[in-house]
Structure formats: structure tokens, C-alpha cells
Amino acid sequence: MRSLRRRVAAVAVALGAALSTVVTAVPAGAQAAAPDGAGARGEVTFAVFDTGAGIPRDRPFELGELTDHRIPRETVERLAASERVGAEESAAAPLQAPPADRNDIEGEWQDRDGWNAVMRKGWWDGGNSGFGMRKIDQKHNLSLDAVKATTMYPRPGPEGKENIGGTTWNYRTEVLHVECSGWWIFRRCRVTEVMTVRAGLDYRTLDDGKAFGAVTAFCEGVTGRCPDWVRDAVNI
């Protein structure tokens, strides 16, 4: 009996030492990865383009889950630390007449179906006339990346990519406004608003052998400038 008790005591000591090692090791690693500073707590708001990655719209989710929906871990950790992620708001003054460089190309990419899309510098007169990047940026507060995302990830169905006559096509996709509260990547998040972005592209070929490209892009139901949170979407 005494021998059995000694064996039980020895096992208990060994288990205690092992558990002590585990308990002390886990918090040390967690503390390094999960800062407890002011930026790691409180409310965080941001937006994401719906790329078809399945971000939940009808239920709460944890901020850390975004890595399962094609959002880079680095981006998620910056959001968890309450750092700014996204483009800066445009503040450029509109031009009053078409400039000589209005057809210069500022971006080229491929849409969802591999079509060669183009963004030209364009112009904007401060009213309704204009096209391209200057009008999209200065009038509607959208970036080149926002137009790319809209054409690369249009919503499913015929309205996602719709021919509206000749060589002109409209693209539509949704941007999700997300609000989170709590601590670090364990904040509880939910989609609070959905905005539709529409981009119009003309694929007729100009003298330089490339498409005319983006005519305009804007937020449906919004007069003038899109909300900053659309432009600042973290995954474009």
C-alpha cells in the first residue's frame, strides 16, 4: 500500500510539473500575439467588397474569422489593433475643360471573364460631364481599386455583368459595412449596411488599340460622393 501511495504521489508531482509548464507557456505566447493596449479594445468599423468569399450577412461573426474569407491575416491584425486600413479620401479640385491627357491610361486589368479592362485619366467639369478616373474619383469618391473589384467580382446573376447596348456593360457588386466590438480578433462583428457599387465600361477600341474603358462608377441610390467607408474597403 505504501509503495502504491509513493507511486501515485510521484505521478501527481510529474503531472503537476507538466501542467505548470503548459499553463505558463500558453499565456506567454498569447500575450505576444494579442496585445492588451487601448487599440485592441473597443469598437471597430470597416467595409469589405463582397468577392463571393462568404462573409456572413445574417449572423454575427468574430473578427478573426475574416481570414477564412480571403482577408489577409495582416489586414485582420491591423483592424484588431484599430489601425486605419484603406484608401485616402479624394480632395482634388475638378477640371473645367477636357485636358489634353484625358486619354492617358492609368490602369489595366482583366474582368471576371478575362476581358481586358482599362481606366483612362479622363476628366470632370464639376457637373455631369466627364469620364474616367477624374470623374470617378472626384465626383463619386471611388478609387481605381474599387472599380477593379466591381468588375472582377460582380454579383451573381444577369445584373452582375449586364450589357446595356453595343459595347457598353454595367457591373454591380455589393460592399458590406461591418461594425465590431470587444477585444482584439475576438471582437464580435455584424454587417450593418450593404451598398451597391455600379461601374460602367465601354469596350469599343480607340486609336491606341485599347478599349475606351471605364466611363463612370458610383454608389447606387447615392447622389454624388460614395460614403468614405466604401472607398476605404479593406480588401481592395
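Everything that follows concerns the structure shown earlier in this document.
Residues numbered from 1 in each chain as written. Predicted model: local features only at pLDDT ≥ 70, side-chain atom pairs only at ≥ 80, totals over all residues. Heavy atoms only, no water.

A. Molecular detail of the pattern of salt bridges. Taken as a whole and judged by the stated rule, the model has 18 salt bridges. The closest approach of N and O atoms between Lys-161 and Asp-111, which form a salt bridge, is 2.7 Å. With Lys-161 in strand β7 (residues 161–165) and Asp-111 in the loop between β3 (105–110) and β4 (116–120), the pair connects residues that are 50 residues apart, well separated along the chain. Accessibility expressed as a relative area gives 9% for Lys-161, which makes it buried. The class for Asp-111 is buried, based on a relative accessible area of 5%. Of the charged contacts, one joins Asp-113 and Arg-112 as a salt bridge, the two residues approaching to 3.2 Å between their closest N and O atoms. (Salt bridge = Lys/Arg side-chain N within 4 Å of Asp/Glu carboxyl O. Helix = DSSP H or I, 4+ residues; strand = E, 2+ residues; numbered from the N terminus. Buried < 20%, exposed > 50% of the residue type's maximum accessible area, 1.4 Å probe, protein only.)

B. The arrangement of the packing of aromatic side chains in detail. One pass over the full model with this rule turns up six aromatic pairs. With a centroid separation of 5.5 Å and an interplanar angle of 25°, the aromatic rings of Trp-183 and Phe-186 are classed as stacked. Aromatic ring contacts, followed pair by pair, group Trp-115, Trp-169 and Tyr-203 into a single cluster. Above the face of the Trp-115 ring, Lys-161 is positioned so that its terminal group lies 3.2 Å from the ring centre. (Phe/Tyr/Trp six-rings, centres within 6.5 Å; stacked < 30°, edge-to-face > 60°. Lys NZ or Arg CZ within 6 Å of the ring centre and 35° of its normal.)

C. Representation of the state of the cysteines within the structure. Counted by the stated rule, this structure contains two disulfides. Covalently, Cys-180 is tied to Cys-189 through a disulfide, its sulfur atoms 2.1 Å apart. Handedness of the Cys-180-Cys-189 disulfide follows from its S-S torsion of about 110°: it is right-handed. The exposure class of Cys-180 is buried, given its relative accessible area of 4%. On the basis of relative accessibility, which here comes to 2%, the residue Cys-189 falls in the buried class. (Disulfide = S-S within 2.5 Å.)

D. Geometry of the environment of Cys-226. Checked against the element boundaries, Cys-226 lands in the loop between β10 (211–219) and α5 (228–231). For Cys-226 and Lys-139, which are 87 residues apart along the polypeptide, the C-alpha to C-alpha distance reads 8.8 Å. Among residues more than four places away in sequence, those in contact with Cys-226 are His-140, Asn-141, Leu-142, Phe-218 and Cys-219. (Contact = heavy atoms within 4.5 Å.)

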